[in-house]
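Inside the fold
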Amino acid sequence: MKKIAVLFGGRSAEHEISILSAIQAMDALDVTTYQVIPVYIAHSGKWYTGDPLRKTAVYKNFAAAIDSLEEVTLLPTPGHTGLLKVGLKKSFISFLQKRDEYIAVDVFLPIFHGQYGEDGCIQGLFEMADVTYTGSPVVASAIAMNKYLCKTVLAQHDIPVLPGYLVLRKESQFDLISACEKIVAQPAFSSFPLFVKPVNLGSSVGVSRANSQAELAAGLAQVFQVDAEALIEPCVQNLMEINVSVLERDGQPEVSVVEIPVSSSGI
C-alpha cells in the first residue's frame with residue numbers, strides 16, 4: 001500500500017481554501033490502495049501530522065489540537081525515508097541514525113493554493129530532498145503562478161492573451177492616485193471596467209472589478225494586503241470561463257472533460 005503524504009495549508013492568503021481542497025482530496029483517495037498521511041503547514045510555517053487534521057472542526061481551535069498532533073518536517077537532503085519527527089527530545093545525530101524517527105512516504109501530494117505551495121517553492125524542496133511528488137516541476141510552477149510572467153511567456157509563443165499592466169506595491173502603495181492615473185493613461189486601460197488581481201495568488205482572493213478610478217484605487221489597496229504585485233486587465237464582455245485539467249500518463253498528456261463554471265458575483 002503506497003503511503004501518500006498530502007501537504008496543505010501554508011503561509012499563503014489562500015490557507016483556508018487549501019485546507020478544504022486537501023480534505024476533499026484525502027476523502028476521495030482509495031483507502032484500499034493508499035495510506036493517507038495528512039501534513040498540515042500552519043500559518044507559523046511549522047508542519048504537523050495526525051488523523052485529526054482530516055476533519056475541518058480541528059482548525060476552528062487549532063491551538064487546542066496541537067497536543068494531539070506530531071510535528072514533522074522534510075529535510076532538503078537526499079536519501080532520507082520520509083518525514084522527520086522533530087518533536088522527539090533526542091539529539092540531531094540520533095534522528096539521522098534511526099529509521100523509526102521518520103514517517104515513511106512514497107509520494108508527496110501538495111494541495112496548496114498561492115505562494116509557497118503552487119509557485120515552485122515546495123517543489124524546490126522536493127527536488128532537493130529527491131523525493132517523488134505530484135504536479136508540475138519548479139520552473140513550470142513558478143511561471144504558471146505568476147500571472148504577469150505567465151502572460152509574457154504565452155505571448156512569446158504566439159498564444160493570445162489580454163493586455164496586462166503590472167503595479168508594484170513598493171512603488172505605489174503610498175500614492176494610489178498617481179498609480180491609477182498611470183494605469184488609465186495607457187490606451188489598453190483607458191476605459192472601465194477593469195479587473196485588479198494579485199499576481200501571485202491562485203484563486204479569486206483579492207480579485208475585484210473596478211468601474212471607476214476610485215474603485216481601481218480600492219482594488220489595488222485590497223491586493224496589496226495579500227500580495228506585493230497587482231495585475232490590471234481590461235474587462236472581457238460576454239466572458240466564458242473554461243476549465244480543463246491536464247495529467248501526464250505514460251509520458252502523454254491526458255485531458256479532462258471541459259468545465260464551464262457560472263458566477264453570480266460578476267467575478
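A brief look at the structure comes next.

What counts, and where the lines are drawn
- Residues numbered from 1 in each chain as written.
- Predicted model: local features only at pLDDT ≥ 70, side-chain atom pairs only at ≥ 80, totals over all residues.
- Heavy atoms only, no water.
- Helix = DSSP H or I, 4+ residues; strand = E, 2+ residues; numbered from the N terminus.
- Expected span 1.5 Å × (residues − 1).
- Buried < 20%, exposed > 50% of the residue type's maximum accessible area, 1.4 Å probe, protein only.
- Arc of directions from axis to C-beta.
- Contact = heavy atoms within 4.5 Å.
- Pairing = 2+ DSSP bridges.
- Phe/Tyr/Trp six-rings, centres within 6.5 Å; stacked < 30°, edge-to-face > 60°.
- Lys NZ or Arg CZ within 6 Å of the ring centre and 35° of its normal.

Examining helix 1 (residues 15-28)
For helix 1, built from 14 residues, the straight-helix expectation of 20 Å at 1.5 Å per residue is met to within 8% by its first-to-last C-alpha distance of 20 Å. Buried within helix 1 are the following residues: His15, Ser18, Ile19, Ala22, Ile23 and Met26. Relative to the axis of helix 1, the buried residues are bounded by an arc of 130° and lie together on one face. Residues of helix 1 that are exposed and point more than 90 degrees away from the buried face comprise Gln24, Asp27 and Ala28. Buried residues belonging to helix 1 abut strand 1 (2-9) and strand 2 (34-41).

So, the pairing of strand 9 (residues 194-198)
Successive residues of a regular strand alternate their side chains across the two faces of the sheet. Most of strand 9 is tucked away: four of the five residues are buried. For strand 9 and strand 10 (residues 208-210), the ladder comprises three bridges, and the chain directions are antiparallel. Counterpart to Leu194 in the pairing with strand 10 is Ala210. Inspection of the sheet shows strand 9 paired to strand 11 (residues 229-234) by five bridges, in the antiparallel sense. Of the residues in strand 11, the one forming a bridge with Phe195 is Glu233.

A word on the packing of aromatic side chains
The full count for this structure, using the stated rule, is nine aromatic pairs. A centroid spacing of 5.0 Å and a plane angle of 65° characterise the contact between Tyr40 and Phe62, whose relative ring orientation is edge-to-face. You can see Tyr40 sitting in strand 2 and its partner Phe62 sitting in helix 2 (residues 62-65), a full 22 residues away along the chain. A relative accessible area of 4% means that Tyr40 is categorised as buried. Relative accessible area serves as the criterion here: at 15%, Phe62 is assigned to the buried category. An aromatic cluster of at least three residues, connected via ring pairs, comprises Phe8, Tyr40, Tyr48, Tyr59 and Phe62. The side chain of Arg11 reaches across the aromatic face of Tyr116, ending 4.3 Å from its centre.

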